[in-house]
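Report on the structure
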Amino acid sequence: MKTDIILAGVGGQGILSIATILGAAALKENLYIKQAEVHGMSQRGGDVQSNLRISSEPIASDLIPLGKADLIVSLEPMEALRYLPYLSEEGWIVTNTVPFVNINNYPDMEEVKKEMHTHKNVVAYDMEAVAKEVASPRTSNMVLLGAASPFIEIESDKIEDGIRTVFGAKGENIVEMNIKAYRAGRELAEKSAKK
Amino acid sequence: MKTKQLLLGDEALALGALKAGLSGAYAYPGTPSTEILEFVQGNPLTKERNIHSHWSSNEKTAVEEALGMSFCGKRAIVSMKHVGMNVAADCFVNSGMTGANGGLLVIAADDPSMHSSQNEQDSRFYGAFAFLPILEPSSQQECYDMARYGFELSEKYSLPVLTRLVTRLSHSRAVVEVDEEALPQNKLSYPKKENEKNWVLMPVNSKRRYVQLLKDFPQLIEESEKSPFNAYIDGADKKLGIIVSGLAYNYFKEVFGDKCPFPYVKVSQYPLPEKLIKKLADEVDALFVIEEGQPFIEERIRGFLNRGVKVYGKLSGQLPRTGELTPDSVREGFRTLCPNLEAAAETAIKGASTVTVPRPPALCQGCGHRDVYHALNDVLKEYENPKVFGDIGCYTLGYLAPFNAIDTCVDMGASITMAKGAADAGQHPSVAIIGDSTFTHSGMTGLLDAINENTPMLVIISDNLTTGMTGGQDSQGTGKLEDICRGLGADPAHVRTIDSLPKNHDDMMKMFREEIEYKGLSVVVSRRECIQTARRHASAKKK
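Owing to the predicted nature of the structure, the values given are computational and were not obtained by experimental measurement. (Residues numbered from 1 in each chain as written. Chains lettered and ligands numbered in written order. Predicted model: local features only at pLDDT ≥ 70, side-chain atom pairs only at ≥ 80, totals over all residues. Heavy atoms only, no water.)

**Some thoughts on the overall build of chain A**
Filter applied, for reference: Helix numbering and strand numbering both begin at the N terminus, where a helix is a DSSP run of H or I of at least 4 residues and a strand a DSSP run of E of at least 2. Both definitions apply: the radius of gyration is a C-alpha atom measure, and the globule rule equals 2.2 Å times residues to the power 0.38. Classification of residues uses two cut-offs on accessible area relative to the type maximum, computed with a 1.4 Å probe and protein chains only: under 20% is buried, over 50% is exposed, and between them is partly exposed. Whether two residues touch is decided by their heavy atoms; if any such pair falls within 4.5 Å, the residues are in contact. The Shrake-Rupley method, run with a 1.4 Å probe sphere, supplies the accessible areas, and residue values consider only the shown protein chains as cover. Neither His nor the chain termini are counted; the positive set is Lys and Arg, and the negative set is Asp and Glu. Positions of charges follow a simple convention, taking NZ of Lys, CZ of Arg, CG of Asp or CD of Glu.
In terms of helices and strands, chain A carries seven helices and six strands. Helices (α) and strands (β) of chain A occur, in sequence order from the N terminus, as β-α-β-β-β-α-β-α-β-α-α-α-α. The C-alpha atoms of chain A give 16 Å as radius of gyration, which agrees with the globular expectation for 195 residues (16 Å, within 12%). Taken along its principal axes, the extent of the C-alpha atoms in chain A is 40 × 40 × 40 Å. Counting only residues that meet the buried cut, chain A has 59% of its 195 residues in that class. Sequence-distant contacts, at least 24 apart, represent 65% of the contacts inside chain A between residues at least 6 apart. Of the roughly 8,000 Å² that chain A leaves accessible, carbon and sulfur atoms contribute 50%. Distance from the positive charge centre (21 side chains) to the negative charge centre (27 side chains) of chain A: 2 Å.

**Concerning the domain arrangement of chain B**
Residue and element names in this part refer to chain B. Counted only if it meets this: Boundary definitions for the domains trace back to an automatic or database domain assignment. What counts as buried area is the accessible surface, traced by a 1.4 Å probe, that two parts surrender upon association, with contributions from both included. One side-chain nitrogen of Lys or Arg within 4 Å of one carboxyl oxygen of Asp or Glu is enough to make a salt bridge. Under this definition, polar contacts are N or O atom pairs within 3.5 Å; protein pairs additionally need one hydrogen-donor-capable and one acceptor-capable atom, and for neighbouring residues in sequence, both atoms have to be side-chain atoms.
Split by domain assignment, chain B resolves into domain 1 (2-225), domain 2 (231-337) and domain 3 (368-535). Of note, the centres of domain 1 and domain 2, computed from C-alpha atoms alone, are 27 Å apart. Contacts between domain 1 and domain 2 engage 29 residues on the former and 28 residues on the latter. Across the domain 1 to domain 2 interface the summed buried area is about 2,400 Å²; carbon plus sulfur atoms make up 52%. Summed over the three residues of domain 1 that lose the most area to domain 2, namely Arg-124, Ser-138 and Glu-225, the buried surface amounts to 24% of that side. At the junction of domain 1 and domain 2, the tally comes to three salt bridges. The salt bridge partner of Glu-142 is Lys-266, with a shortest N-O separation of 2.7 Å. Joining domain 1 to domain 2, the criterion identifies 21 residue pairs in polar contact (both at pLDDT 80 or more). Breaking the side of domain 1 that touches domain 2 down by element, the ones donating at least two residues are α6 (124-129), β5 (134-135), α7 (140-157), β6 (161-166), α8 (167-170) and α9 (203-225). In terms of residue count, α9 provides more of the side of domain 1 that touches domain 2 than any other element does, six residues in total.

**Focus: the interface of chain A and chain B**
As a reminder of what qualifies: For this scheme, ten residues count as nonpolar: Ala, Val, Leu, Ile, Met, Phe, Trp, Tyr, Cys and Pro. Four count as charged, namely Asp, Glu, Lys and Arg, and the remainder, Gly too, count as polar.
If you look at the interface, chain A gives 51 residues, while chain B gives 46 residues. Between Glu-254 of chain B and Arg-53 of chain A there is a salt bridge, with the nearest N and O atoms lying 2.9 Å from each other. Secondary-structure elements contributing two or more residues to the side of chain A that touches chain B are α1 (15-28), β2 (32-36), β3 (47-55), α2 (77-82), β5 (87-96) and α3 (109-116) of chain A. Taken together, the residues of the side of chain A that touches chain B sort by class into 23 nonpolar, 15 polar and 13 charged.

**Structural notes on the sheet that holds β2 of chain A**
What counts is decided by this rule: DSSP-based pairing: two strands are paired if at least 2 bridges between them are found. Axis definition: a line fitted to C-alpha atoms, limited for helices to the stretch in contact. Angles are taken between N-to-C directions and run from 0 to 180 degrees.
The eight strands are arranged β6(A)-β5(A)-β4(A)-β1(A)-β3(A)-β2(A)-β7(B)-β1(B) in an open sheet whose pairing can be described as mixed. Looking along the sheet, the strands with just one partner apiece sit at the ends: β6 (122-125) of chain A together with β1 (2-8) of chain B. Direction aside, the axes of adjacent strands within the sheet are offset by 20° on average. Relative to strand β7 (residues 172-179) of chain B, β1 of chain B runs antiparallel, the two sharing seven bridges. The residue bridging Gln-5 of chain B from the neighbouring strand is Val-176 of chain B, located in β7 of chain B.

If you want it as C-alpha cells, here you go:
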C-alpha cells in the first residue's frame, strides 16, 4: 500500500495532531512513514501544510511530487484548494467547509464552493457542526480524520488505536470524545462516497 | 537490540548524540534547529546523567561553552540555525585551529526556501573555510547514526565536526531504528600533550598549527573516500554521471527508485571524496550535480573555466538557483538533460486554484506586540520622518499590514545599533524595537555603545517573557531587563516600564512621546506575556 496525503489548514488549527495519529497507527503497522511539516514564522496564522506519506515499501522523498497526492485533507476550504496541483487525477479532497477568515481579501464562499465541486472526488462537510453535535467543538479535526480514513489503507480500528495512543495521557473521557468524533466523520465519508 | 521510533531529523540527531554518550548540549533557538535541544531537554537520559541542556544567550556563547566541554574531554553538541553560524563564526572557525578533545559536533540547520529565515546561506562553506569535516545526512536514520560516527571522527582527528541539516530533514519525521543502550559518557580528560599548544591561539602557536591543519587535510579526504555514508554506484549508461548530496539524494531516489541508469556518487561526508568523484568523471560524458542549498560541490568541481568534463547543475540552469529542491525540480533537471528518459517524463498536473489568495502569517490576537505597534504608530504620526529599526522575532511581523511599522530588519540585535547609526546621522525620531530574547542575544553590546554616547534615540524592548517565534523557549533576560540596562549605565530616569495592554494605549503613547522628546538615550520595556505561553501556563496550572 501507499498513500500520499497533503494535510492543510491555518496555523494553530491542529493539522499536526492528525499527522501524529496517522503516524502512530502506521508505526504500529510496521509501515514506512515520512512526514514533513512547517514550523516557525509560518505557524502564526498563516497557511500551513504537512506532507504525509505512508507506504509498505521504503519512501524516498520527504515531499510529495506534483500530481501524486492521493488525498488533500483540509481543515479549511480555501486551504484545500491551495494544493490542487499536488492532487492526482483520481485523488480525493476531504475538507471542512467552514472558512477561517483572518485576511480581509478572503474570496467569496460561493466561488470557493464552485471551484471545489469542479473536482469529482470531494467530501466536504461542516466538520465543526458534526463535532459539536457528537462530542465537542474542539474535536473537529478528529471528524475530519474520520472523513479521510476510508481513503487511507490502514484499518479503522488501528487508527482508533492511534487516537488512544496520542490522547491517552489526557484521560479516558478525552479519548472517547475524540473517537466518537472520528467515527462520526468516518460515517459521513462512507455515506457520501457511496452517492 | 534496536527499537523503532518515529522521529524528526532534529530529534533523531539529538537521540543519536544522547545514545553516544553526550555530556552537554548547547543552543540558541532558531528554526529549523530548535527541536534538537528541546529533545535533549525532554529525554529521561538527560536527567539521569545530568546532561547539560540549558539554552545559551546566543550561538557564539553556545559554541564556546561546547568547546569548553570538549576541552575537558566530554562529548558535546551545539546546534543553531544557519544564520546562527554567522554569530558563532568567530569561535567556530577558530575551533578548527584549537581542535577538539572530547567529540564535538557543531550542528547547523540551513533553511533553503527561507521558510523562516532572512537568507539561504549554505553552512557547508563554513566547514570548508575552517578545514573541518562536514557530515550531511540524507535521512533521519543517517541523522541518528551520524551522531555517534561524528563523535568518533571528531575524537580520532581531534577536530570539531560540522553537521549540516536542512529544513526538510530537520522538520520531517520518519521511522528510525534506535539502540536501546546508551554508551557511557567520557570521563574528564585534557588535550593530549602534543595538542596542548593548539588551545592557545597566539601567533607563535597558530602559525605552527595552521601548517599542521593543512598537512593533515588529505587524511580527511581519505576518511571521506572510505566513509560508510559516501558511495559510488555503477550504472550502464555513461552519458551522464550523477553527484548527489544530503537530502537531494531522496529526490533523486524518488525519480528513479532503484533503477537509475547512470552511475552516481552519493556524498554525505566532506571534504569531497576525490577518488570516487574522479573515477566517475573519468568514465562519463558529463556530470550532473544535485545538492540542496548553494552550488557548493558544483563550484568546487567545475571551477569557472568549466573545461574538461561538462558539469551541469544550478550554475548551468538545470536546477533552480534559489529555493529548496523538490522531487519535481530534480525530475525536471533530468528531463532537460535527457528528454527521452522515461523516469523523468512529465506528469499530468491539475491547474492551480483561481480563487485562492495568499494567507500571510500575522501576530496572534491578544499579543502584546500588537499594542506596542498601535501606540507607537499613533505617536509617530506626530512626526515628519520617523524611522523604526526592527529586529528578528515575531514582532518582525509588524512590517506587514495593518501595522507597516518597521523600516528595517537585518540581523539579531541590529535594531539598536542601526537606530544609533541613524541617530548619529541626524535622524529623529530614531526608534529601535527589539524582543527580550533578541536583546540578550545581541542587543546588549549595541546598547552599551548608545549609552556611552547618550545617543538621542528610543529603544523599545517588547518583552513577552519568552523566545516566542521558535515556540516559547526560556528567555535569558527574563526578570532582569531593566537591571541589565541600568547596569550597562543607562540613566535610571529613562529606563521605564509599561504593561503592553490595550487599556494602556494612551499611557504608552505618552511614555513613547516623552522619551522620543528626551535628547538622550531612553529604554522603554513594554511587557506582556506571550499569549501562546500564557495559554500553556494556564492549562498546566489547571492540571
